[in-house]
Each structure stands twice: as C-alpha cells, then as structure tokens.
Amino acid sequence: MEESKPLVATPGNSQINRSDSDAVEARFTDLCKSGLSLLENTYNDAMKLFKQTKHLLSANVSTIGNGALEEAERFWFAFVLYSIKRLSEKTAESVQPGDNKFTLCQILRAAKLNIVDFFKELPQFVVKAGPVLSNMYGEDWENRLEANELQTNFVHLSLLSKSYKRAFRELFLSSDANIDKNSDADDDADPVSEYRRFGWLLFLALRIHAFSRFKDLVTCTNGFVSVLVVLIIHVPIRFRNFNIHDSLRFVRKGDKGVDLLASLCNMYDASEDDLRKMMEKANNLIEDILKKKPCVASECKTETLENIDTDGLIYFEGLLEEPSLSSCLNILEKDYDDAIRNKGELDERVLINEDDSLLASGSSSGGAVNVTGVKRKFDSIASPTKTISTPLSPHRSPTASHANGIPGASNSRMAATPVTTAMTTAKWLRTYISPLPSKPSAELQRFLSSCDRDVTNDVTRRAQIILEAIFPSSALSERCVDGSLQSTNLMDNIWAEQRRLEALKLYYRVLEAMCTAEAQLLHATNLTSLLTNERFHRCMLACSAELVLATHKTVTMLFPAVLERTGITAFDLSKVIESFIRHEVSLPRELRRHLNSLEERLLESMVWEKGSSMYNFLIVARPALSAEINRLGLLAEPMPSLDAIAMHINFSSGGPSTSSPSQKHETSPGHVGSSILGQNGDTRSPKRPCTDLRSVLVERNPFTSPVKDRLLALSNKAKAPLQSAFASPTRPNPGGGGETCAETGINIFFGKINKLAAVRINGMVERLQLSQQIRESVYCLFQQILSQQTSLFFNRHIDQIILCCFYGVAKISQLSLTFREIIYNYRKQPQCKPQVFRSVFVDWSTARHNGKTGQDHVDIITFYNEIFIPTVKPLLVELGPSGTSTRTTRIPDANNSNEGQCPGSPKVAPFPSLPDMSPKKVSATHNVYVSPLRTSKMDALISHNSKSLYACVGESTHAYQSPSKDLTAINNRLNGTRNVRGTLNFDGIDVGLVSDSMVANSLYLQNGSCVSSSCAPPKSEQLDC
C-alpha cells in the first residue's frame, strides 16, 4: 500500500526563502504607506500582525489563489490589513482623528483584488491565522472580525442591486436602452443615470440611518421598494417607460387613481403596512439630510402625480430637478463617506457600477452566490420550475393576471430570485403565523395542565427567556452607527420584538401539533415526560427562531447563532428538525429546504466537532471509543441552566423563577439527550425537502433500528412516542430489541450519515464517470470506516473521508485516477468548500514515525498519507483483488474491530437504492427535469371542466402555444430529428441523482457541467487547491 500514496510536489514558488523575506516585508510596507497612506500607529500594528503570520503565508502559498507567490502575497496583505481594520478599532479605547480611516474597498483596490475572490480565500486565513489573532486580540476575535456577516451583507446587496437595476430599467429606460453599456461620460450627461444613482444612494442612506443593525433582506427589500415610490412620483414623466393607465400593472382605487403602494406590494409580495412605515422613514430622511420641505401630495399639482391616488403620499418640490439633483447627490455621497469611514466595511456604492474592477470576477449573481460558504446560505433559491411575476415587465398576453383577486403583476414570467423568494416566504409568516395568539391556545393549555403538575408557567417563562436571548434588545448588544444611536436602538427593539412574537407563535403552534399527535399515540393526555424536558423545549424554540431568521434572511444572526444563545448543540437540534417539518403542514417549501440543508450541515461536520453532545451518546453506545473521546476533549459541556441564561441577559418577569425539575438532570454531561428524533435509516437524502405529507418523514418510525427494519418507508409499525426521543441515553429503548436509547440513536445517526455519503459518492461517481463497482467499493469502504474506525471522523468533515476513500479505492483497483482529478471534480459538487481539502484536522500524537506532536490542520494529501492510509490500510486490502470482495456476505464482522461495534448495528450494506429527487433530471444530454404533481393541485386538474391534464411550467416554446404542442416540441428535442408522436421515453437512460442546489447550478450558472475525461486536467499528484 505504501506505493499507492500520492506525493506532494512542491512548486518552486511555494516557499518563501529567507533571503526573500525582507523583500516581502518591503512590498507590504510599500502597500501600506504608498498604496493606503497608513499612519504610523496603524502601520506598526499591521506589520506586527504580518510578521507573526508570515510563516503561514510561506507554508500555504500553493493553496492561496492560483498558487503563485505574487498573488498569494496580495491576498495575505489584504487579509492582514482587513483584520487590523476590524479588530484594532474594536479594542482601542479611542480612535485618533484621521487614523485607521481606510475601507475594505481601498484595501482591495491597492492589492488589485476583487470582492468575490477576497471572500473566497478569506476563510483559509481565518483558519490558519486564528491562533495568532486570538493571542493578539482575544478569544472573541472571530465574532468581532464579522467576516461572515460582511460576506452575507455583500451577497444580499448584490441581489438587491440587481433587483433595483432591473426595476429601474423597466420603469425609466426605453426598451432599446441599456444603462449598463453607457460610458462614464455618457453617465455624467444622462439624467437617467443620475436618477438611478440617487435612488441607490437614498437606499443606502436608509440602511444607515433608519434600519436596525440586523439589516435583514426583507426589510432591505421594503426599503428599495419605498425608493421606487419616491422615484416614480419625482422623476419627470418624460423619462418614464410605463403607462400609469396600465391596469395589468397598477391597482386602481376607485376614481382616485392608481394605488401606487398597493401596486408595488402586489408586485413584490410586500406588506402594505410595512411599506407605509418605510415610506415614512424615507420621507423623514429626505427632510432631515437633504433639507427638503415636505408637502402633502394631494395639495401639489404636478404631472408626475396625475392619475395617482395621493392619499398618504409626500411630495418634495423640485427634488430631482437641477440644480437640486446635483446637490442631493453630493450630500448623499458625503453622508455615506462619513458613515463608513471608520467601519472598514465594503463601499456598497460599487454595486451600482457593474464595470467596477472590484466586481471583475464573473457576473454579479454568479460571483455572489458562489462565494465560499455563501452557496449554503442560498439553499433557498427556488426551483427552476418555479416562476414569479416580473414587476412592470412587458406583458405578453392580452389576458390580465390576478393575484389574490386584485389585478396586478404582468403575465411575463421569470425564474424566482432569492429576493422574491424571501418576500414570498415572509408573506407566509404574515399570513399564517402573525395572526395567531401570543400565548398557548386552549388545546395546548389542556396538555400543559394535564401533566403531573401544571407546567404552563414553566413553558411560557422559558419561551420568554430563550427568545429574549436569541433576539436581544439593543441595550444588550449595541452596534450602531454614530449619530443615529437613538433611532437605530428604537428600530432594533421594534425589530427584535416582532421576531420574538413570530417565533413564539410558531413555537406554540408546532408544540400543540406535536402534543396532539403524541396523545393519539399514547391514548393519554398526560405528556409529563415530554413537556417537562428542558432540552426538548429549547430545541423547539431554537428551530422556531431559526425559521424566523431564515425567513427574513438576517445578516448579523447567522446559524449557528441560535445554538450558542440557547445552550444546545448541533446534535440536540438534529433531533427535532424532521418532526418539526412533519407537524407544521403550512411550512413553505423554501423553509423546508432550509431545515433540510441545516440537517445536512449538521450531519456532514457540525455533529463531529468538539463539544458535540453526540460524543456523550457515543461513549455509551461505543465504550471502546471513550478513551479517544476523552483524550481529545470532545465531550459536550453541561447545558447552561435557564436561570443562568436569564441572569446573563438580565431578564426579569412578573412571575417567580421556577426551574423545571428535569432541567438539573438534563445538564449532566452523562444525560445530554437521547436517541435522535427522526434520524433513521431512511433512503432519502437529508437534502430532500419534504413537500408531501405522505412522505417518509411522516410514515417512518424514528426509533426503529436499521437492523430490524431498513425499509422504514414501507413499515406499518406504530410510531414510537415522541417523548422517548429525549429519554436518558442509558435507558432501554421503548421500541424493544435490547438496545439502549444511546445505541438506537447512534445507529439511526450512522444510518443517516451513510445515506448522505451515498448521495455524495453517487454524484462524484457520475462526475468522474466511474463504474458501479467502484461506487460499491467506495461506499463499502466508507461504511466500514464509520463502523470500525469511527475516530477517523472526529473533528473532521465527512467529505474528507469520502475523497480519501475514492483515491484509496482507485489505487487498490489499479485505476488511473489522481487526487488532482478527484479535487477538480469535487469542486463542481454543490456542497464543495475549499476548506474541506485545504484544512484537515490531524492529531500528530496518533500518527506513526513522523516526529511531529500536537494538533494541526493540513491539506488532504498530507492527511491521506499520514493518517488515513495507516488507519484504513487493512480495510483497503480487503477490497483488493486478492482480498475479500465488496459483497456484504464477505465483509468481516465488525465485532472484530478494535474499536468495537454498536450492539445490534447493521453489517455493511450494499449501495442503497437512492430515491428520486425533485426535480429529477431525466435526460443525460438535455437539461430536462420532472417533478411530481403537487397533491394540492390534483383536484383542479382532474375536475370535469379541466382543459388539460398537463401543465408546462416556464417559458413556452412558442407564444400562446398549447401545452400539448409544448410537449410535442420537447419530445422532438429529446429524440433528435425524429418526429415522434407519443409519450416521452426515458427508458434506458442512466438517470443520475441530483439535488435542488445542483439543479439550480445547472440551469442558472451553466458552468462546470463538463464531466467527461476530456475536461479533466493533466494527471498530476500536485494538489491544485
């Protein structure tokens, strides 16, 4: 096996020689003093950090950017300067006048980098330089650096800028014009471009002065819609590209004219009440900053207000007329400069200039969405088959469309965007959740009072404390813009209170549904074991709060913030995700996707991190692993008590402080939870959104051992009570079989890990065009490692094990496949993060004969050579031609493993039959996807007066063409030049399993789709990171 190990070829420029060290420092000095004109104090801080991290740059040149020393230096310079900017200003007692006043955009321009590439490489610096930054700036340096928040803010602003430019183009540009092609000289002379810039600057001013520190996407969208209102009623009518009398676009209010706010709300799924409040803020800002006198629109006589209902509208005389327009632009520019000067954040004005060098890498949307770590945050991108109404776009049909009975958006259709998806999901929250009472319903109170003692007060007090911890008021966390402290704090408090109420109402609603289902299973209303369990309630509250945060798409409260603020772990939350989805029937598809993407994120890495309560279960289910778990210090800390959280947030309530008796029991490290709720051996991927109540999520028994029943979807056994999910790990499983709850929970957890691995292995096999035998061998090896060498997963990502399995199987099978080819194709996977193959945890104390000590993070080839092969070599030999075949009947019994196997756990199984994904790709050569018909639409389609049983979603192949002709056209395209009049024939096509995110990438980005061997790079053992 030793000869099968890949060798790391070190390029000539991957190390910085000692003689070049001074030259590198000289170039950094030149950037600081000549490029940015830093003052002496700031320069000294920057040089200090650079010198302490210079050795990290030397060791990682080949993994930064394109691997060239010159580019790696520029990235490292930018990382150091950004860290100094963000961390120095937050530790200094006071910032000297004129000091430290450079922005991230200035850093990037001086270093000749663009925004997307900077965010793509930044996580690697955070990992590598973390210990140095911690020593210099304290343990909380990463929270104060706010790299994730800044990155998410950039993505949101990129999306909003695209929506703004699209709407502006439809409102104020002729159909032949394209503002993005105008030169700078033309922009100066073109008033339309100045109107566009005014609108964007006004929107940015709203974000600074009127929005809370959270700046969620929904609030920002309301802000940009309010700016559209201001532009419509102030931009001279000769520049309009719409007709106010167009009944398909604008809602009329009797004889008063067009209701402008209602029309825009209908187009953007916005709340009219929220928009009116935002309009008030925008008007106040124009009055306070631009010093314009407001006038009641109904008292103004101007052509821009003709045929518009002026009730509630404010008009500013001459706002967008010269010389007022130039003056307003100058004021807004200066105001923005003053606001961001000391913050070091992005200059968001660049997003309106598509030719800016900072946006040079690809398109705005593609680059933004594919920034490292951000792709996962946009799992909420809608399916390609979902369409929305395009605001104010030219209509293509003479038939008016109606939304909620109101004539509104045009008939033109387009693929949904993250902005429109967020607004649609927020509408669900307003429609289904907000009207609910903010206290337990009568039915829920009946369950709470039917326990051994009435727990109503405990439940309500706990909910108040936990939600206050998740959504703190501004007094607890002030991060405000200078000069607007009072108004921003007020906005913070209002925003936090609204989100707390939404999460509280959702929590009570789902809790009632769970109690009802539980009572039906137990044939009793006494649910004391469940309703007195502290950890269960915190998981439910965290899940409710996370859905509210996901709906609004906040910037400053990104997952896993809810885990940290509630005191639970990723493993705890994973117990309730599926049950939560199952019991909230109205949950929108995008939120179901979000929860499933969270579950995937938990399974792939977070559950394996230090401090996960999974390890507290593992030492019970697998005692042989306890020594390694304790040596690495992986066990979870006790869950903080409710009183401790209340004291931390300075919470006070009218009632006495009462802690549940079970809470003290729950905080014990040995009793950190129990078997996983809903985690089982189901054949569906955790990525699959639950879109049908008849899905496996409903029908499966979450506590059936995979040994006893692998086909849980077809099982007719009664479901185990929900309260068993949070029993003690050492307690016998109520389902029988002689297993403890810990053993059952770990078996179910491992089953889901295997299913997730199967999906990812299958995707890589298709990309690499490998045989099914290789697929079976890789999956078999992965299962054996999980079962017999479980410690190999500790502190690691499951993809790291999968990639190593591919290379190991390729070598033992004498297949010509390099690590570079594996990584090249892995990069195209929807879940890819460069840190997976660039930074793998190793504990050198377990490695053999390398002379190294301590813990470190290395590239995946080093991990493969030093850790993976010595550990897995016996298992690989079993897969070789001279060893045991991959058939499960010849796999060695796991009980022979030195780590021991969980009693009752399954032997290695063959590659599972993966379920159909929705949408499913049905052609190997065409981008054709099929989704099952929704049950909610079945009745409408089979009614007697139905015109057709087919529905073609998306753009028709020809204007006004019938669905039957569309299907014929699709048939002809799929079957080449043959004229086939029949049904689509998908027989014989090797259909691959695709995820929703993969489908989105295939349809929207149209890149990275080449998986043939001709697309592979030259074979080399140099890992191209």
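No experiment lies behind these values; they were computed from the predicted model shown.

**Describing the packing of aromatic side chains**
Argument step 1. Applying the stated criterion across every chain, the model contains 35 aromatic pairs.
Argument step 2. Each ring, one from Trp76 and one from Phe79, has its centre 6.4 Å from the other, and the planes form 70°; the classification is edge-to-face. Linking Trp76 with Phe79, this pair stays in helix α3 (residues 69-91), spanning three residues, or about one helical turn.
Argument step 3. Ring geometry for Phe242 and Phe250: centres 5.5 Å apart, planes at 45°, overall tilted.
Argument step 4. Residue classification places Phe250 among the buried residues on the basis of a relative accessible area of 1%.
Argument step 5. Following the ring pairs from residue to residue traces out a cluster consisting of Phe75, Trp76, Phe79, Tyr82, Phe118, Phe119, Phe125 and Phe154.

**Focus on the packing of helix α2 (residues 40-59) against helix α6 (residues 130-137)**
Argument step 1. Relative orientation of the contacting elements α2 and α6 amounts to 145°, with a least axis distance of 10 Å. The way α2 lies across α6 gives a crossing that is right-handed. Between α2 and α6, the residues in contact are Lys48, Leu49, Gln52 and Thr53 and Val132, Leu133 and Met136, respectively.
Argument step 2. For the contact of α2 with α6, the class distribution of residues is four nonpolar, two polar and one charged.

**Considering the nonpolar core**
Argument step 1. Phe471, Trp608, Phe863 and Phe868 are the most contacted members of the largest nonpolar core, which has 138 residues in total.
Argument step 2. Excluding anything up to four places from it in sequence, Phe863 contacts Leu792, Arg796, Ile801, Cys804, Val840, Phe841, Val842, Val858 and Phe868.
Argument step 3. By size, the runner-up hydrophobic cluster in this structure holds 131 residues, among which are Leu133, Trp200, Ile208 and Phe250.

**Description of the pairing of strand β7 (residues 840-843)**
Argument step 1. Burial along β7 is two-sided: the face carrying Val840 and Val842 and the face carrying Phe841 and Asp843 are both buried.
Argument step 2. As paired strands, β7 and strand β8 (residues 855-858) are joined by four bridges and run antiparallel to one another. From the neighbouring strand, Val842 faces β8, where its bridge partner is Asp856.

**Considering the environment of Val155**
Argument step 1. With respect to the element layout, Val155 can be found in helix α8 (residues 147-172).
Argument step 2. Residue Val155 is classed as buried on the basis of its relative accessible area, which comes to 0%.
Argument step 3. Each C-alpha atom, one on Val155 and one on Val555, is 9.8 Å from the other, the two residues being 400 residues apart in sequence.

**Regarding the packing of helix α10 (residues 191-209) against helix α13 (residues 272-289)**
Argument step 1. Across the interface, α10 lies against α13 with an axial gap of 10 Å and an inter-helix angle of 95°. On the basis of their axis angle, the class for α10 and α13 is roughly perpendicular. Where α10 abuts α13, its residues Leu202, Ala205, Leu206 and His209 lie against Lys281, Ala282, Leu285, Ile286 and Ile289.
Argument step 2. Grouping the amino acids of the contact of α10 with α13 by side-chain chemistry returns seven nonpolar, one polar and one charged.

**Topic: the pattern of salt bridges**
One side chain can pair with another of opposite charge once the charged atoms of both are near each other.
Argument step 1. Throughout the structure, instances matching the rule amount to 33 salt bridges.
Argument step 2. As a salt-bridge pair, Glu70 and Arg74 come within 2.6 Å of each other at their nearest N and O atoms. With a gap of four residues between them, Glu70 and Arg74 both fall in helix α3, about one helical turn apart.
Argument step 3. On the basis of relative accessible area, Arg74 is assigned to the buried category, the value being 17%.
Argument step 4. Measuring nitrogen to oxygen at the nearest pair gives 2.9 Å for the salt bridge that ties Glu534 to Arg538. Highlighted residues: Glu534 and Arg538, both in helix α21 (residues 534-552), separated by four residues, approximately one helical turn.
Argument step 5. Residues joined in a network through salt bridges with shared partners are Arg197, Glu333, Asp337, Asp347 and Arg349.

**Some words on the environment of Ser58**
Argument step 1. Along the chain, Ser58 falls in helix α2.
Argument step 2. Judged by relative accessible area, which is 13%, Ser58 ranks as buried.
Argument step 3. For the pair Ser58 and Ser21, spaced 37 residues apart in sequence, the C-alpha separation works out to 9.4 Å.

**Notes on helix α17 (residues 442-449)**
Argument step 1. Within α17, burial applies to Leu444, Phe447 and Leu448. For α17, the angular spread of buried residues about the axis comes to 100°, placing them on one side.

**Comments concerning the confidence of the model for the chain**
Low pLDDT means the predicted atomic positions in that stretch should not be read closely.
Argument step 1. With 66% of its residues at a pLDDT of at least 70, the chain reaches an overall mean of 73.
Argument step 2. The model gives residues 884-906 a pLDDT under 50, and that stretch makes 60 contacts with residues more than four places away or in other chains.

**Notes on the side chain of Gln831**
Argument step 1. You can see Gln831 is positioned in the loop between α34 (819-826) and α35 (834-838).
Argument step 2. With a relative accessible area of 5%, Gln831 lands in the buried category.
Argument step 3. Side-chain polar atoms of Gln831 contact the side chain of Asp799, separated by 3.4 Å.
Argument step 4. Not counting residues within four places of it along the chain, the set of residues in contact with Gln831 comprises Glu600, Arg760, Asp799 and Tyr826.

Definitions and cut-offs
- Residues numbered from 1 in each chain as written.
- Predicted model: local features only at pLDDT ≥ 70, side-chain atom pairs only at ≥ 80, totals over all residues.
- Heavy atoms only, no water.
- Phe/Tyr/Trp six-rings, centres within 6.5 Å; stacked < 30°, edge-to-face > 60°.
- Helix = DSSP H or I, 4+ residues; strand = E, 2+ residues; numbered from the N terminus.
- Buried < 20%, exposed > 50% of the residue type's maximum accessible area, 1.4 Å probe, protein only.
- Axes fitted to C-alpha atoms, helices over the stretch in contact; angles between N-to-C directions.
- Left-handed = near helix turned anticlockwise from the far one by under 90°.
- Contact = heavy atoms within 4.5 Å.
- Nonpolar A, V, L, I, M, F, W, Y, C, P; charged D, E, K, R; others polar.
- Core = buried A, V, L, I, M, F, W, Y, C linked by side-chain atoms within 4.5 Å.
- Pairing = 2+ DSSP bridges.
- Parallel < 35°, antiparallel > 145°, perpendicular 65-115°, else oblique.
- Salt bridge = Lys/Arg side-chain N within 4 Å of Asp/Glu carboxyl O.
- Arc of directions from axis to C-beta.
- pLDDT = per-residue confidence, 0-100.
- Polar contact = N/O pair within 3.5 Å; in protein donor to acceptor, adjacent residues only side chain to side chain.

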